[in-house]
Structure formats: structure tokens, C-alpha cells
Amino acid sequence: MKRYNITVNGNAYDVTVEELDASAEAPAAAPAAPKPAKKAAAPKAAPAGAQGGVKVEAPMPGTVVDLKVKVGDKVSNGDDIAIVEAMKMENAIPAPCDGVIASVNVSKGDSVNTGTVIATINA
């Protein structure tokens, strides 16, 4: 057995770890609990049925501090779609392709998670 002192988020933990020899089988890990399905967010600024083919997703969790486009705007590859603040840094979210904004799925001030669809583009 080996003892370690581990600090996580400022809390110190005294941990004891047992070493297994190569011939011993490790216990099977318990299966992970399934995550609840997320509700699909309805587009906030798009007319019904105006979902684009290309999704612009948040690359990290944060807060939408600015939207640079609205439905119907033409964008080029690399144009800023939105600004997301994460860890006190503002991150520009660029358009992945040329096209026309089909929907804007978030509002200024919304919290987003990684993968949240910010907008869609008809390429």
C-alpha cells in the first residue's frame, strides 16, 4: 500500500492506494450511469422550419456576451458569429463556412455548454 496526499480544488485528501501484482485481475469497473437526454433548444430568432445545414457550436462552456449576426445575414468563413466569455476571457466563435445565417439559437447573456448550437448556416 502506498499513501499519497492529493489536493483537489484546495481540499487536501489523504489517499491510500493498493498495488496489484500482474497476475491479479483488476476488479471490473462499474458501468457509468446514463446521462439524461438534453432537451433540444428551439431557435429563438428564426422562423419555423428555418434550420440551416451547418451548425455553429460552442467549443467551451461560457456565457454569450455578444451576438455578431442575425437571421438572414451573409457570412464568410472565419467571420465572427458570437462572443462567448469563458474563464474571464472573451472568445470569438467563427463561421465554419460561407453562407447565410438560418437561425440564431441563443441570446445575449445565455449560458452555453460545450456543443450547444449557437447558430445554423445555410451554406
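This text gives an overview of the structure that appears in the document. Just so you know, these numbers come straight off a predicted model, no measurement behind them. (Residues numbered from 1 in each chain as written. Predicted model: local features only at pLDDT ≥ 70, side-chain atom pairs only at ≥ 80, totals over all residues. Heavy atoms only, no water.)

Comments concerning the overall build of the protein chain
Looking only at helices and strands, the protein chain features zero helices and 10 strands. When the helices and strands of the protein chain are read in sequence order from the N terminus, they spell out β-β-β-β-β-β-β-β-β-β. Once local pairs closer than 6 in sequence are excluded, the contacts in the protein chain between residues at least 24 apart make up 55%. A total of about 8,700 Å² of accessible surface is found on the protein chain, and carbon and sulfur atoms cover 54% of it. (Helix = DSSP H or I, 4+ residues; strand = E, 2+ residues; numbered from the N terminus. Contact = heavy atoms within 4.5 Å. Areas by Shrake-Rupley, 256 points an atom, 1.4 Å probe, with all protein chains shown as cover.)

Quick look at the environment of T16
With respect to the helices and strands, the residue T16 is situated in strand β2 (residues 11–17). Using a relative accessible area of 45% as the deciding quantity, one classes T16 as partly exposed. Placed 14 residues apart in sequence, T16 and K2 show a C-alpha to C-alpha distance of 5.6 Å. Excluding residues within four positions of it along the chain, T16 makes contact with M1, K2 and R3. (Buried < 20%, exposed > 50% of the residue type's maximum accessible area, 1.4 Å probe, protein only.)

Observations concerning the sheet that holds strand β9 (residues 111–112)
Read from one edge to the other, the open sheet built from four strands follows the order β7-β6-β4-β9, with strand pairing classed as antiparallel. Each edge of the open sheet carries a strand with a single partner, namely β7 (89–94) and β9. Strand direction decides the pairing type here: strand β4 (residues 62–67) and β9, joined by two bridges, are antiparallel. Note that in β9 the partner of G62 across the bridge is V112. (Pairing = 2+ DSSP bridges.)

Remarks on the pattern of salt bridges
This structure, assessed with the given rule, holds three salt bridges. Between D66 and K68 there is a salt bridge, with its nearest N and O atoms 3.1 Å apart. We classify K68 as partly exposed; its relative accessible area is 45%. (Salt bridge = Lys/Arg side-chain N within 4 Å of Asp/Glu carboxyl O.)

Things to note about a nonpolar patch on the surface
On the surface, a cluster of nonpolar side chains totalling about 420 Å² of accessible area is made up of Y4, I6, V8, Y13 and V17. When contributions to the nonpolar patch are tallied by element, the ones reaching two or more residues are β1 (2–8) and β2. Broken down by element, the nonpolar patch gets its largest block of residues, three residues, from β1. In this structure, Y13 sits in strand β2. Classification of Y13 by relative accessible area gives partly exposed; the value is 42%. (Patch = residues over 30% accessible without salt bridge, like charges linked within 9 Å, V, L, I, M, F, W, Y side chains within 5 Å.)

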